[in-house]
Amino acid sequence: MKGAVRFSLFWTILALLFFAGSFFLVPPGELTMTSPAGYPLFISALCLGFSVLVLVKTRREGRKGQAAGGAGSEPEEQTAGGHGSDPESQAAGGHGREPEAGPGKQVFDPVVVRLMILLVLYVAAIPVVHYTAATLMFLLAALCYLRKGRWKNALMISYISTFMILLVFKYLFSVILP
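These numbers come from a predicted model, not from an experiment.

Asks: Quick question: what am I supposed to make of the overall build of the chain here?
Replies: From N to C terminus, the chain includes 5 helices and 0 strands. Reading the chain from its N terminus to its C terminus gives the helix and strand order α-α-α-α-α. Burial statistics for the chain: of 178 residues in total, 19% are counted as buried. Once local pairs closer than 6 in sequence are excluded, the contacts in the chain between residues at least 24 apart make up 41%. Taken as a whole, the chain presents about 13200 Å² of accessible surface, with 70% of it coming from carbon and sulfur.

Asks: Is there a simple way to think about a nonpolar patch on the surface in this case?
Replies: Where nonpolar side chains cluster on the molecular surface, the patch consists of Met33, Tyr39, Phe42, Ile43, Leu46, Phe50 and Leu53 and spans about 750 Å² of accessible area. Take Leu46: it is sitting in helix H2 (residues 38-70).

Asks: Hey, could you run me through helix H4 (residues 110-146) in this one?
Replies: An α-helical turn contains 3.6 residues, so any two residues separated by three or four positions project in the same direction. In a regular helix each residue adds 1.5 Å, so 37 residues correspond to 54 Å; H4 covers only 12 Å between its end C-alpha atoms and thus falls short of that length. Taking the largest bend as the criterion, H4 deviates by roughly 125 degrees, centred on Val129. The set of residues buried in H4 consists of Tyr122, Ala125, Ile126, Tyr131, Ala134, Thr135, Leu136, Phe138, Ala142 and Leu143. Where H4 is buried, its residues touch helix H5 (151-172). Lys148 lies just past H4 and shows a positive phi near 55 degrees.

Asks: I'm lost on a positive patch on the surface in this one. Help?
Replies: A cluster of like positive charges, contributed by Arg59, Arg60, Arg63 and Lys64, occupies part of the molecular surface. Residue position: Arg59 is located in helix H2. Of the residues examined, Arg59 reaches a relative accessible area of 39% and is grouped as partly exposed.

Asks: Can you help me understand the packing of aromatic side chains in this one?
Replies: Each aromatic ring pair is characterised by the separation of its centres together with the angle its planes make. Under the definition given, this model contains 3 aromatic pairs. Ring geometry for Phe10 versus Trp11: centroids 5.1 Å apart, planes at 70 degrees, classification edge-to-face. Residue classification places Phe10 among the partly exposed positions, given a relative accessible area of 46%. Directly above the ring of Tyr145 sits Lys148, whose terminal nitrogen or CZ lies 6.0 Å from the centroid.

Asks: How do you make sense of unusual backbone geometry when you look at a structure like this?
Replies: The phi angle of most residues is negative, glycine excepted, and most peptide bonds adopt the trans form. The backbone of His130 sits at a positive phi, close to 75 degrees, despite the residue not being glycine. Structurally, the position occupied by His130 is in helix H4. You can call His130 exposed: its relative accessible area is 52%. Its identity is not glycine, yet Ser174 carries a phi of approximately 55 degrees, on the positive side.

The rules behind the values
- Residues numbered from 1 in each chain as written.
- Predicted model: local features only at pLDDT ≥ 70, side-chain atom pairs only at ≥ 80, totals over all residues.
- Heavy atoms only, no water.
- Helix = DSSP H or I, 4+ residues; strand = E, 2+ residues; numbered from the N terminus.
- Buried < 20%, exposed > 50% of the residue type's maximum accessible area, 1.4 Å probe, protein only.
- Contact = heavy atoms within 4.5 Å.
- Areas by Shrake-Rupley, 256 points an atom, 1.4 Å probe, with all protein chains shown as cover.
- Patch = residues over 30% accessible without salt bridge, like charges linked within 9 Å, V, L, I, M, F, W, Y side chains within 5 Å.
- Salt bridge = Lys/Arg side-chain N within 4 Å of Asp/Glu carboxyl O.
- Expected span 1.5 Å × (residues − 1).
- Bend = angle between axes of the 7 residues up to and from the residue.
- Lys, Arg positive; Asp, Glu negative; His and termini not counted.
- Charge placed at Lys NZ, Arg CZ, Asp CG, Glu CD.
- Phe/Tyr/Trp six-rings, centres within 6.5 Å; stacked < 30°, edge-to-face > 60°.
- Lys NZ or Arg CZ within 6 Å of the ring centre and 35° of its normal.

The following block contains the structure:
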């Protein structure tokens, strides 16, 4: 549980940095929701709020787990044999606790870490090769990785997705893309 708290704390600090950085996008006194800093400020405030909620929830779950397991008390849901009533708790040793390993139990899942690194590379590539090429490369690399090398299908999906993003945002909504 300690890793989950650290992970939540990391995202809270990152959201706080982006929130504070949004104030430097415009001169003091000119900050409105229609200014260039309005949208980043709104999004970073949402991220900050959600990351704080996840941090609080993670800490509460950690305290509940310590209170249930640390005080030597048995879990509430027990049968006459002393084992938990659900099959998962019986597979975990019959003490009414969830198994330690399994899907969703690992904080830094290798697939998620690799995709986050790919996302950071994508953001770094945007100023160098521009938005369209960076998006195409990111989608192609991510789809090839996630689909275990089905590159022809990934190439087609990447081209269509990039084209649709450009069509909608650049031409339909007139958003200036980097």
